[in-house]
Amino acid sequence: MKEIIVRFINRVYFGIYLYTRELDIPVLYMGRKEYYRGQLGFKICDLMVLLYTSGCLSFAGALGGETLLTLIKGNYLYKILYFILLIGISVLISQLSSFEGEKGLSYFEQFDQEPRSKKIKWMIISAFVFIIGILFFVLGIIVFPVYS
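Keep in mind the model is a prediction, meaning the values are calculated, not measured.

**Student:** Give a detailed account of the overall build of the protein chain, specifying residues and quantitative values.
**Tutor:** The number of helices and strands found in the protein chain is six helices and two strands. Overall, the protein chain shows an N-to-C arrangement of helices and strands of α-β-β-α-α-α-α-α. Every one of the 148 residues in the protein chain was classed for burial, and the buried ones make up 35%. Contacts in the protein chain between residues at least 24 apart in sequence constitute 78% of all its contacts with a sequence separation of at least 6. Taken as a whole, the protein chain presents about 9,300 Å² of accessible surface, with 71% of it coming from carbon and sulfur.

Shown next, in the form of structure tokens:
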């Protein structure tokens, strides 16, 4: 099951990279196979993960009730800890589900060899996933307004 989820997430990342047109062919660098990955694609993927993480933390915070909200909003130390937790979870998820490592590179090669119609399909799915992440973030702000 974990393999299916990681593969789906990597396909979504691949679709985002197709939007930014930052994918390139593999090159050998110091005896290792590497791919050029531009900065914009990384930033968009990290932003998407941050949106989903923020939405999840907001819904988890809403389960804590009004007292947790007033505690976090009233004390800057707790607000800083909340944001550190948010960024830490986002970085962890990005590292666990990224194109890095040998398995990620093999996914990259598989996705890059697919026909154009399949690539376009994943570009569309990636756009929907990104829009759903934005909606999830907005709903999280409405349910647990820490950012105000």
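Don't stop here, the text continues.
**Student:** Kindly report on the packing of helix H2 (residues 39-64) against helix H4 (residues 76-96), identifying the contributing residues and their values.
**Tutor:** Remark: H2 packs on H4, axes separated minimally by 9 Å, with the N-to-C direction vectors making an angle of 130°. If you check the angle between H2 and H4, you find them oblique. Both H2 and H4 take part in a crossing whose hand is right-handed. The residues of H4 that touch H2, namely those facing Asp-46, Val-49, Leu-50, Thr-53, Ser-54, Leu-57 and Ser-58, are Tyr-82, Leu-85, Leu-86, Ile-89, Ser-90, Ile-93 and Ser-94. For the contact of H2 with H4, the class distribution of residues is eight nonpolar, five polar and one charged.

**Student:** Tell me what's going on with the packing of H2 against helix H6 (residues 116-143), and back it up with residues and numbers.
**Tutor:** In contact at an axis separation of 8 Å, H2 and H6 are set at 35° when each is read in the N-to-C sense. For H2 against H6, the interelement crossing comes out left-handed. Contact with H2, carried on its side by Ile-44, Leu-47, Met-48, Leu-51, Tyr-52, Ser-54, Gly-55, Cys-56, Ser-58, Phe-59 and Ala-62, involves Val-129, Phe-130, Ile-132, Gly-133, Ile-134, Phe-136, Phe-137, Leu-139, Gly-140, Ile-141 and Val-143 of H6 and no other residues of that element. In terms of residue class, the contact of H2 with H6 is made up of 17 nonpolar, five polar and no charged.

Rules behind the numbers
Residues numbered from 1 in each chain as written. Predicted model: local features only at pLDDT ≥ 70, side-chain atom pairs only at ≥ 80, totals over all residues. Heavy atoms only, no water. Helix = DSSP H or I, 4+ residues; strand = E, 2+ residues; numbered from the N terminus. Buried < 20%, exposed > 50% of the residue type's maximum accessible area, 1.4 Å probe, protein only. Contact = heavy atoms within 4.5 Å. Areas by Shrake-Rupley, 256 points an atom, 1.4 Å probe, with all protein chains shown as cover. Axes fitted to C-alpha atoms, helices over the stretch in contact; angles between N-to-C directions. Parallel < 35°, antiparallel > 145°, perpendicular 65-115°, else oblique. Left-handed = near helix turned anticlockwise from the far one by under 90°. Nonpolar A, V, L, I, M, F, W, Y, C, P; charged D, E, K, R; others polar.

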